[in-house]
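Structural description and commentary
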Amino acid sequence: MKLPARFWAGLIAGLLVGSVAAQPASTVSFNGSLGAKTALLLIDGEARTVAVGATVRGVRLLSLDDGRAEIELGGRRQTLLMGASPGRVGDTGAAAAAGRKIIISAGSGGHFTSSGTINGKTTQFLVDTGATAISISQAEAERMGLNFSAGRSIMTQTANGVVQAHMMQLGSVRVGDVEVRNVEAIVIPGQMSHVLLGNSFLTRFQMQRHNDVLTLDLRY
């Protein structure tokens, strides 16, 4: 029996739609959480809510905890930090490139802020090219369990005058997919809304700003 042309057209269209739907995601970012078991993921630019254990567009959410989402795509696992730039997953070459570049968009007031981690503890960074080193409030350092009192005692100038602070080495500073080790930091008494991402971190990168986008390319 000869089938009508519209049958074949419909079949081909259905196969094409199925092929497109089956394509795995190429970029994923973690934009927020809805309770303790559901993440808001941006998958190829499309916002999707994904429950722990569920799979959307080939992205499986494995766990959700403390500003991090662990996902699996194409048999590979990756940890996403909340608010970080989208990471490419499922391709070794792309993942390696992503591990050397940070892209931050300007937020309120034109400031460049990003979530990240210090020694594995989540925190919020503010890019500050005027700061000599990464600057952390004592309250935030205590929250993260940093042993700053063992560091070198110094005197530093702040908006409230000269105060005693502590210099220390951070084992790991991570923003997005990029991790830098052994970074100098200053712990200052009082509280600040963000950890200042100063030049002890920034000088490891080639910096470029285009309109409201700041790109940091790792030098070494």
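Counting of residues starts from 1 at the beginning of each chain's written sequence and follows it residue by residue. Selection of residues for local features in this predicted model requires a pLDDT of at least 70, selection of side-chain atom pairs for listing and counting requires 80 or more, and totals for whole chains, interfaces and linings are taken over all residues. Only hydrogens and water are set aside when side-chain values are computed; all heavy atoms of the structure are taken into account.

1. Some points on the pattern of salt bridges
Here, a salt bridge means any Lys or Arg side-chain nitrogen found within 4 Å of an Asp or Glu carboxyl oxygen. A complete count under the given rule lists four salt bridges for this structure. Between Arg-77 and Glu-70 there is a salt bridge; the shortest N-O distance is 3.4 Å. Two residues, Glu-179 and Arg-181, come together in a salt bridge whose shortest N-O distance is 3.5 Å. Since its relative accessible area comes to 33%, Glu-179 is described here as partly exposed. When a residue's accessible area, from a 1.4 Å probe over protein chains only, is under 20% of the maximum for its type it is buried; when over 50% it is exposed; and in between it is partly exposed.

2. Here's the deal with the environment of Thr-215
Helix and strand definitions follow DSSP, with helices as H or I runs of at least four residues and strands as E runs of at least two, each counted in order from the N terminus. Tracing the backbone shows Thr-215 in strand E18 (residues 213-218). A residue is classified by how much of its surface remains accessible, and Thr-215, at 15% relative accessible area, is buried. Taking the C-alpha atoms as reference, Thr-215 lies 6.5 Å from Ile-104; in sequence the two are 111 residues apart. Residue contacts for Thr-215: discarding those within four places in its chain leaves Lys-101, Ile-102, Ile-103, Gln-206, Met-207 and Gln-208. Any two residues whose heavy atoms approach within 4.5 Å at even a single point are treated as in contact.

3. Topic: the nonpolar core
Grouped together as the largest cluster of nonpolar side chains are 29 residues, with contacts concentrated most on Ile-134, Ile-136, Leu-170 and Phe-201. Look past the residues within four positions of Ile-134 in its chain and what remains in contact with it is Leu-170, Val-173, Val-183, Glu-184, Ala-185, Ile-186, Val-195, Leu-196, Leu-197, Gly-198, Ser-200 and Phe-201. In this description, a nonpolar core means a group of buried Ala, Val, Leu, Ile, Met, Phe, Trp, Tyr and Cys residues linked to one another through side-chain atoms lying within 4.5 Å. Counting 14 residues, the second largest nonpolar core, distinct from the first, contains Val-50, Val-59, Leu-61 and Leu-73.

4. Things to note about the sheet that holds strand E9 (residues 101-105)
Across a sheet, strands are paired by hydrogen bonds formed along the backbone, either parallel or antiparallel in direction. Spatially, the three strands line up as an open sheet ordered E9-E18-E17, and their pairing is antiparallel. Each having just a single partner strand, E9 and strand E17 (205-210) make up the two edges of the open sheet. When strand polarity is set aside, the average angle formed by the axes of neighbouring strands in this sheet is 15°. Strand pairing is defined by DSSP finding a minimum of two bridges between the two strands. Bridge analysis of E9 against E18 gives five bridges, and the strand direction is antiparallel. Residue pairing across strands places Ser-105 opposite Val-213, the latter belonging to E18. Under this scheme, a helix contributes an axis fitted over its contacting stretch, all axes are lines through C-alpha atoms, and angles between N-to-C directions fall in the 0 to 180 degree range.

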